[in-house]
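Report on the structure
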Amino acid sequence: MKTSFLRYAIILGLLSAIGPFAIDMYLPALPSIGKDLAAENGVVQLSLLFFFIPFAVFQLLYGPLSDMWGRKAPLYLGIGLFAVASIGAATASNIETLIAFRFLQGIGGAAGMVVPRAVVRDMHTGVQAARLMSLLMLVFSISPILAPLTGSAVITFYGWRGVFWAVTIAAAIGLILLSTQLEETRTKADRSQSGLRSAMAAYRLLLGDRNFLTLTFIGGLGISGFLVYLANSPFVLIDHYGLTPTQYSFAFSINAVSFFAVSQLTGWLGERFGLVRVMRVAVTAFAFTMAALVVVMSLGFSQLPVMVVFLFIGYGFLGLVIPTTAVLALEDHGKIAGTASALMGTLQFVTAAIAMVIASLFFDGTALPMAAGIALCAVAAFLLTQATIARRPVAEVAAE
């Protein structure tokens, strides 16, 4: 491709970040939304869950559409809907209306999760794909690093409704970049061979591919470990530990920095040791670190700095798990990359939504149930790796 590696990473990373931006920027506002709309914490958390459900499920639609229509058209559709829903959320007068528009936001935001991964697969495979995926994630990192900080600043001056006006502006910028900077990477010949029947056949193929499903769920359990923290951390850090929204934003950003900084080593480590070996070691280290956190907190060492240090280390290893599992899962499915990316995203976010619901059932306002939920996701990913990937040969991905 004539377009530079870095240029595509920036554009795809920003398009991918639009949906998560509406989550991370929104987190510091959760307590104030509950007070303003007279809603309990559990009901306010539903506005997160009702974003995640369509965010996961509608990826199944955008994937085949991106194979049939090309990569750009579904992005126009999704980001446009996201912008309209953001305006509705900004003007919501009660929690039910807010939840409804968050649901529509999730439908629109799903496009940004599916299509950029398919574009990466259109352009590269193997270690080169891992490099681009990790670079994309570096740009994507502006969401969990800057969004909470931006959100707390916006809330201070404009209240929680200002958050939704801000993400509306972000969506508008995304549409401008899409129309002026992103080239179509799905050829007309490939599009002509895609249709509803071929999409159904592709889903059947993928659901029968043990390697694809295993890698998808390993990555999904890793993502679940991050999203359990995402859903519970505002209440733990602000209500339990007494942080201000701005202090919470800094604490949240520390973990995000670890995640995305370490992810930049994926290409180098993959080239030197192989992507499968990197993934195995990273999953093991992630599980060990999160389990150790639970043990330490159970022994009475539950101070905030202790938790932050363990999460910083654990999420660093998770930064190697996510890109390697994604690249390995998509490696053999270049002709149906959009559909494969969609199924991967849906399965991963459904897994994460289930984990978030289960964790919320045990939430008591303290940090230990949240830490235990993260650890269970990490250990489950480790056990799945040991039962499948670690016991059978998995072909290493060759560098281009």
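Residues numbered from 1 in each chain as written. Predicted model: local features only at pLDDT ≥ 70, side-chain atom pairs only at ≥ 80, totals over all residues. Heavy atoms only, no water.

**Let's talk about the overall build of the chain**
Heads up, the condition is: For helices the rule is a DSSP run of H or I covering at least 4 residues; for strands it is a run of E covering at least 2, with both sets numbered from the N terminus onward. Each residue is assigned to one of three classes by its accessible area relative to the maximum for its type, calculated with a 1.4 Å probe on protein chains only: buried under 20%, partly exposed between the two thresholds, exposed over 50%. Contact between two residues is taken to exist if any of their heavy atoms lie within 4.5 Å; hydrogens are not considered. Only the protein chains shown count as cover for residues, and all accessible areas are computed by the Shrake-Rupley method using a 1.4 Å probe.
Helix and strand counts for the chain come out as 18 helices and zero strands. Counting only residues that meet the buried cut, the chain has 60% of its 400 residues in that class. Within the chain, contacts between residues separated by at least 24 positions form 87% of all contacts whose residues are at least 6 apart in sequence. Here the chain displays about 15300 Å² of accessible surface, and carbon together with sulfur accounts for 70% of that area.

**A short note on the packing of helix 15 (residues 275-298) against helix 16 (residues 304-330)**
Note the following rule: Think of each axis as a best-fit line through the C-alpha atoms, taken over the contacting stretch in the case of a helix, with angles from 0 to 180 degrees between the N-to-C directions. Note on terminology: angles under 35 degrees are roughly parallel, angles over 145 are roughly antiparallel, angles of 65 to 115 are roughly perpendicular, and the others are oblique. Helix crossings fall into two classes, left-handed where the near helix is turned counterclockwise from the far one by less than a right angle and right-handed where it is turned clockwise. Each residue gets one label: Ala, Val, Leu, Ile, Met, Phe, Trp, Tyr, Cys and Pro are nonpolar, Asp, Glu, Lys and Arg are charged, and the others, such as Gly, are polar.
At a closest axis distance of 8 Å, the pairing of helix 15 and helix 16 adopts a crossing angle of 155°. As the angle between them shows, helix 15 and helix 16 are arranged roughly antiparallel. Taken as a pair, helix 15 and helix 16 cross one another with a handedness that is left-handed. Residue composition of the contact of helix 15 with helix 16, grouped by class: 24 nonpolar, four polar and no charged.

**Observations regarding the packing of aromatic side chains**
Quick note on the threshold: Stacked, tilted and edge-to-face pairs are distinguished by plane angle, under 30 degrees for stacked and over 60 for edge-to-face with tilted covering the rest, among Phe, Tyr and Trp rings (Trp via its six-membered ring) whose centres lie within 6.5 Å.
Using the criterion set out here, one finds eight aromatic pairs in the structure. Taking the centre distance of 5.1 Å and the plane angle of 90° together, the rings of F55 and F349 count as edge-to-face. Remark: F349 occurs in helix 17 (residues 337-361) and F55 occurs in helix 3 (residues 41-57); sequence separation between them is 294 residues. Judged by relative accessible area, F349 falls into the buried class, the value being 8%. Linked through ring pairs, F226, Y229, F259, F286 and Y315 together constitute an aromatic cluster.

**Some remarks on the environment of F235**
The residue F235 is located in helix 12 (residues 210-240) in this model. Overall, F235 belongs to the buried group, its relative accessible area being 2%. Taking the C-alpha atoms as reference points, F235 and F363, 128 residues apart in sequence, are found 9.8 Å from one another. With residues up to four places along the chain from it excluded, the contact list for F235 reads L30, N41, Q45, H240 and F363.

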